Amino acid sequence: MDKILDIDNIDLKIISLLNEDAKTPYTEIAKKVFVSSGTVHVRMKKLEDMGIVKSATLNIDFSKLGYDISAFLGIYLEKSSLYDTVIESLKEIAEVVSAYYTTGNYSIFAKIICRDTNHLRLVLDKIQKVEGIDRTETLIVLEESINRPIQFFDKEK
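Calculation rules
Residues numbered from 1 in each chain as written. Predicted model: local features only at pLDDT ≥ 70, side-chain atom pairs only at ≥ 80, totals over all residues. Heavy atoms only, no water. Helix = DSSP H or I, 4+ residues; strand = E, 2+ residues; numbered from the N terminus. Expected span 1.5 Å × (residues − 1). Contact = heavy atoms within 4.5 Å. Polar contact = N/O pair within 3.5 Å; in protein donor to acceptor, adjacent residues only side chain to side chain. Pairing = 2+ DSSP bridges. Core = buried A, V, L, I, M, F, W, Y, C linked by side-chain atoms within 4.5 Å. Buried < 20%, exposed > 50% of the residue type's maximum accessible area, 1.4 Å probe, protein only. Axes fitted to C-alpha atoms, helices over the stretch in contact; angles between N-to-C directions. Parallel < 35°, antiparallel > 145°, perpendicular 65-115°, else oblique. Nonpolar A, V, L, I, M, F, W, Y, C, P; charged D, E, K, R; others polar.

Chemist: For helix α5 (residues 117-128), give the residues involved together with the corresponding values.
Modeler: In this model, α5 (12 residues) spans 16 Å end to end at C-alpha, consistent with the 16 Å of a helix rising 1.5 Å per residue. Turning to α5, the residues buried within the fold contact β1 (69-77), α4 (83-91), β2 (96-101), β3 (108-114) and β4 (133-140). For α5, the capping residue at the N-terminal end is Asp116, with a side-chain oxygen 3.1 Å from the backbone nitrogen of Asn118.

So this is what it looks like as structure tokens:
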């Protein structure tokens, strides 16, 4: 928790700008934040060392690659003690792109991406055979209306 105290508004501005576009050059960020590009580099290294910045990612339109189905999967476990085993099995299924241990109705809430409904059925069959999964509920995405990074606020306000 102490390391969070080492973050200031310059760090938050740098994170916000890179969160919008991770390919933004440090020189451009430096101009917007009114610091040198060396300062941006040092600050990013600090944020990486603290584990705040884990990686830079791409935002891909999977439908343009032929993957037209996104779905969320609510997963009920036979026993909550099987969580680690089930997650390890789900990691082996490439179409599972994210998974969360949750409260509420489901033990695990996962996102899967498939080419079409036939591919979805095959993936669901594979998931439902995982040892420790009791049953699943599938919610097919019709439209992604919001997908944005968190907006940081100045710590002084």
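Chemist: Help me get a handle on the pairing of β2, residues and values and all.
Modeler: When β2 meets β3, the two strands line up antiparallel, connected through 5 bridges. From the neighbouring strand, Tyr100 faces β3, where its bridge partner is Phe109. Connecting β2 to the next strand, β3, in antiparallel fashion are 6 residues, including Gly104 with a positive phi near 100°.

Chemist: Got a sec to walk through the nonpolar core? Specific residues and values, please.
Modeler: Ile75, Leu90, Ile108, Ile112, Ile127 and Ile133 are the most contacted members of the largest nonpolar core, which totals 21 residues. Going through the elements one at a time, β1, α4, β3 and α5 are the ones with two or more residues in this core. Looking at which element gives the most residues to this core, the answer is β1, with 5 residues. In this structure Ile133 touches Ile75, Tyr76, Leu77, Glu78, Val86, Leu90 and Ile127, once residues within four positions along its chain are discounted.

Chemist: Can you lay out the packing of helix α2 (residues 26-33) against helix α3 (residues 37-49) for me, pointing to particular residues and giving the numbers?
Modeler: Relative to each other, α2 and α3 sit at 105°, their axes nearing to 8 Å. In terms of axis orientation, α2 runs roughly perpendicular to α3. Mapping the contact onto sequence places Tyr26, Thr27, Ile29 and Ala30 in α2 and Ser37, Val40, His41 and Met44 in α3. Per-class residue counts for the contact of α2 with α3 are 5 nonpolar, 3 polar and no charged.

Chemist: So, the sheet that holds β2: which residues are in play, and what are the values?
Modeler: Strand order in the open sheet formed by 4 strands is β2-β3-β1-β4, and the pairing between neighbours is antiparallel. Since the sheet does not close on itself, it has two edges, and those belong to β2 and β4, each with one partner. For this sheet, the mean angle separating the axes of adjacent strands, direction not counted, is 20°. In the sheet, β1 pairs with β4 via 7 bridges, with the strands oriented antiparallel. Considered in β4, the bridge of Leu77 is made with Ile133. On top of the sheet, α4 reaches β1, β2, β3 and β4; it is set at about 10° to β3, its chief contact.

Chemist: I'd love a proper account of α3, names of residues and values included.
Modeler: The first and last C-alpha atoms of α3 sit 18 Å apart over 13 residues, in line with the 18 Å expected at 1.5 Å per residue. Buried residues along α3 sit in contact with α1 (9-20) and α2. At the exit of α3 stands Gly51, carrying a positive phi of roughly 85°.

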